[in-house]
Each structure stands twice: as C-alpha cells, then as structure tokens.
Amino acid sequence: MAWYDEAIFYHIYPLGLTGAPKQNSYGEPVHRLNKLLPWIHHIKEIGCNAIYIGPLFESVGHGYETTDYKKLDCRLGTNEDLKKFVTECHKQGIRVIFDGVFNHTGRDFFAFQDIKNNRENSMYKDWYCNVNFYGNNSFNDGFSYENWGGYDLLAKLNQHNPSVREYICDVIRFWVSEFDVDGIRLDAADVMDFEYMKALRQVANDVKSDFWLMGEVIHGDYSRWTNEGTLHSVTNYMLHKALYSAHNDHNYFEIAHTIKYVSEMIGTRLKLYSFVDNHDVERIYTKLKNKTHFWPVHVMLYTLPGVPSIYYGSEFGIEGKKERYSDDSLRPALNYEDYKDELNKNPCTKLISELGKIRQNTPILCYGDYRELELHNTYFAYARTINDKSVIITVNNGDNTVNMNLLCGNSDEYVGALTGERISVDGGRINIHLLPNSGEIWIP
C-alpha cells in the first residue's frame, strides 16, 4: 500500500486560478501562488488529501511551452513561494504532484535558443526531433523541426537522445530536492517513447520509495503504460466519457461495460486516475443535461475502482464551456473569499465534502473488489468487497423511485452514508428504495 492508493486529488491549474496574465513578460516575480495558501484548508475540508498542480514552471503563455524547468513561472512568484506552498500542504497532510511537461519545450528554452543562434554548430541540435537546416517554420527561423500537435510553439524533444533523458531525469531530482514533490503527472504520456518513460520511472524509484508517476493517456490500451517498468497510473478518459454520457443518455450499461473493459485491460491491482472534468474538457456541470445528475455522477466517481480527482471549482458546480480557439473558460480565476462559505450553503460542495469523508473512512472503497449486483438503463447497483464485507453502491439516473432487492455481505444492518437511513438484512439481502436522480453508499 502506498499513499496514492488512498488518494483523493484536487486538481489546480495555477495560472488560471490565480488570474495570471495570459502571456509572460519575463518581468519581476508576482507572488500570485501565495493566493493558493488559503485554498489548502478548503481542499482538506472537502476531503481531498492530494493535489495535482501545474503547469508551474517558467513558460511563454499557457504553461506547456516551458522556458525553464527549474524556475517557478514569474507570473506565479519565486521558487521560495513554491517551497512554501508544498511545505504547507504537507503540514496539513496533503501530498503534492507537479505537471511534468517533458515531451516538448517552448522556443525560449535554452537548448532551442542555442540552435537558433548557432544552427549547425549547436551542441543541442540533436535535442529536438527532425531538425532540418534546409527547411523553415512558421516563425521563419530558417530551419524546421518536429512540433507537438501542429504548433511550432511547442518543439518536440528527442527522447532517444541520452543527454535529453539525463537532463529531464535531473529535473525530477531537482524538484524532489528543492520542493519535496511527491509525484509527477506526465503531460502527453501517450506520445512518449517507452524507453524514455522507463528512465523516468527508475529515477522515480530512486528519489522516493512512494513517488507516483501518472501519465496523460487519452486513447489506447492502458496496460501499455501502467506496469512495473513505466508508470504507476494513467488518466482514465474512458470512464470520464462514460460517466457523463451514461447519465445524459440514461444508459448505465455504458459505465458497466467500461468498467469491465478497463478491468480486463489492466487487471484489478492497478488504479487509474478518475475524473469527470479537467483543464482540457468542459465542466461536468455544463456537460450534464440534467443538473441533478451531479449527485449520482460523483457518487460513482468516488466509489468505482480508481483514484478520484476533483477539478478546482467544480465542487461548487460552476460552469465551463470549451471554446473553439480558447480554453480560458475552463481555467477561470477564482477568489477564495467568494467561495469560502460554500460548504455551508452549496449542495454540490456539501456532497463532495461528504463523499471525501466517506471514502477516507471506508478503506473497502480503495481496496475492495468490484462486483455488479443489478444493472438497468436508469439504475445500477454494485459492490466493493473485501473478504465477506461489502459496501453497496446504488445510483438512479431516472425520474422515478426504484426498488432493489440486493444480495449483501455478512452483516446484520446497513446504513446509508449520505442519508443516514438504516436497513436491516433479511436472508442475506437488503431492500432499497432509491429516490430519483440520486445515489447512496450503503455501509455495513
């Protein structure tokens, strides 16, 4: 068992949350990261015990065009500010992982600048993929190179180059020694070289016994990335899609199928990173046709196999629609003072807080085997089981109350963790009346 087996993540996009300028002037540091210090208490209060934050390091604009891997973006402050943030998180029992943008750099990165200045004579000309001094690019540098995603702003690193690997491995060592970070989320892991990832995993094993490597993978066979030699976990985009579309379409068969498919792919030992929204996709509250489905969606997020994550602001039920040429609406600035009382008055925040506490106090939800109990288009029951003890989860995406008679574990009575309702066991079964558009976690 490691800390991440019981983690509940809070995902922060810091340039957005702090209201930093969209473009970096590389001026004097502005200590915006300190705005996040009051949020740490809130994060703990809603039951999260880990933070995924990033991108953090010096960059041109949105953060993924890195200029300097060892310097906090001056729009956020100084390295001392980042040390203080991580230290305060650790004091409050919260682990921290950074965003590792190791697939590409920005054009202001020292190695790329050296190529611009020295061309064929640059000692870094092999640090990037397919550098061609007979070509050109959209910036009219007089040479071409492989970019990421069609953007010349993002120059693709040559991950086969031993010097590149050693440099990035040194960055990880630096982040641990300088900031005491607990893990890294690898940006664009699904296009990374596997030998490169193995080198990163070896460093992860060396720097801390429980250092967590999680990769951004959108499509593909997750088992290719999650194993003893590469990453501990990847983003579960399959479940992300199923969680909102199954509710919009009143089709719990989609979620059930996804769980089986992913389980057959990776086995039951590995835990994927589960989420319903993030900095790249629309907010869950925007995606749901019926806003009351916020309840059963999050009951499932916290109880299905995986490591759950909440994206900053979504615990308040805020909206965020993806725009054609901008993700700004997905990454808004939020003032802590405007939200500090939401736990007392916002039903979405109350639910997230309750689910966080339930998961922290119910180890079966972290370690138990998953088993389907009853499945229909509009209602669904499943169990998480260890030995003869079962926690039973029931969800309803329909507009009518449903009755379920479910096989349960070895117990005399079950209590609804969210409602407090008590149900006696009769002949090894329990009778449940589940309200419309709701969910409940039944604990023995």
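Our subject is the structure that appears above.
A quick note: this is a predicted structure, and the numbers were derived from the prediction, not measured. (Residues numbered from 1 in each chain as written. Predicted model: local features only at pLDDT ≥ 70, side-chain atom pairs only at ≥ 80, totals over all residues. Heavy atoms only, no water.)

Bringing the sheet that holds strand β13 (residues 307-311) into the picture now. Read from one edge of the open sheet, 8 strands run β11-β10-β9-β5-β2-β1-β13-β12, paired in parallel fashion. What marks the edges here is a single partner per strand, and that holds for β11 (233-234) and β12 (273-275). The pairing of strand β1 (residues 9-12) with strand β2 (residues 50-53) spans 4 bridges and is classified as parallel. Among the inter-strand pairings, Ile12 is bridged to a residue of β2, identified as Ile53. Packed on one face of the sheet, helix α10 (residues 294-303) meets β12 and β13 and runs near 135° to β13. (Pairing = 2+ DSSP bridges. Helix = DSSP H or I, 4+ residues; strand = E, 2+ residues; numbered from the N terminus. Contact = heavy atoms within 4.5 Å. Axes fitted to C-alpha atoms, helices over the stretch in contact; angles between N-to-C directions.)

Taken together, the side chains of Phe139, Trp148, Tyr151, Leu153 and Val191 define a hydrophobic patch exposed on the protein surface, amounting to about 460 Å² of accessible area. Within the element layout of this structure, Phe139 appears in the loop between α4 (110-118) and β7 (147-148). (Patch = residues over 30% accessible without salt bridge, like charges linked within 9 Å, V, L, I, M, F, W, Y side chains within 5 Å. Areas by Shrake-Rupley, 256 points an atom, 1.4 Å probe, with all protein chains shown as cover. Salt bridge = Lys/Arg side-chain N within 4 Å of Asp/Glu carboxyl O.)

Turning to the environment of Arg173, a few remarks are in order. Along the chain, Arg173 falls in helix α5 (residues 162-179). Distance in space between the C-alpha atoms of Arg173 and Asn361 is 34 Å, their sequence separation being 188 residues. What Arg173 contacts, discounting residues up to four positions off in sequence, is Glu166, Val203 and Val207.

Right, let's talk about the pairing of strand β4 (residues 66-72) for a bit. In this sheet, β4 lies alongside strand β3 (residues 57-59) in antiparallel orientation, the contact comprising 3 bridges. In the strand pairing of β4, Ser59 is matched with Thr66. A loop of 6 residues connects β3 with β4, the two strands running antiparallel in sequence, and Gly63 in this loop sits at a positive phi of about 110°.

Moving on: helix α7 (residues 237-248). Residues that lie three or four places apart on an α-helix share one face, since the helix turns once every 3.6 residues. Its 12 residues place the ends of α7 17 Å apart at the C-alpha level, agreeing with the 16 Å of an ideal helix rising 1.5 Å per residue. The buried fraction of α7 amounts to 9 of the 12 residues, a majority that puts the element mostly inside the structure. Buried within α7 are the following residues: Tyr237, Leu239, His240, Ala242, Leu243, Ser245, Ala246, His247 and Asn248. Here the buried face of α7 lies against α8 (252-266), β12, α9 (284-287) and α10. (Expected span 1.5 Å × (residues − 1). Buried < 20%, exposed > 50% of the residue type's maximum accessible area, 1.4 Å probe, protein only.)

Empty space among the atoms can be located by rolling a probe the size of a water molecule over them. Space inside the largest pocket adds up to approximately 920 Å³. What lines the largest pocket is a set of 37 residues, and nearest its centre among them are His62, Tyr64, Asp280, Asp327 and Arg331. Put simply, the parts of the chain that give the lining of the largest pocket at least two residues each are α1 (14-17) and β8 (151-156). Top contributing element to the lining of the largest pocket by residue count: β8, with 3 residues. Considering only residue class, the lining of the largest pocket consists of 17 nonpolar, 8 polar and 12 charged. Of the volumes computed, that of the second largest pocket is approximately 430 Å³. In terms of lining, the second largest pocket is formed by 23 residues, of which the most central are Ser263, Gly267, Thr268, Leu270 and Pro305. Every element with two or more residues in the lining of the second largest pocket is listed here: α8, α14 (364-367) and β14 (369-375). Looking at the lining of the second largest pocket, the element that brings in the most residues is α8, giving 6 residues. For the lining of the second largest pocket, the per-class residue count stands at 11 nonpolar, 7 polar and 5 charged. (1 Å grid on protein atoms, 1.4 Å probe; cavity = no way out; pocket = protein on both sides within 12 Å on 5 of 7 lines; lining within 4 Å. Points joined across faces, edges and corners; volume = space filled by probe spheres on them. Nonpolar A, V, L, I, M, F, W, Y, C, P; charged D, E, K, R; others polar.)

What follows concerns the pairing of strand β21 (residues 438-443). The side chains of a regular strand alternate between the sheet's two faces. The element β21 is extensively covered by neighbouring structure, given that 5 of its 6 residues are classed as buried. Sheet topology places strand β16 (residues 389-396) next to β21; 5 bridges connect them, and they run antiparallel. In the strand pairing of β21, Asn396 is matched with Ser438.

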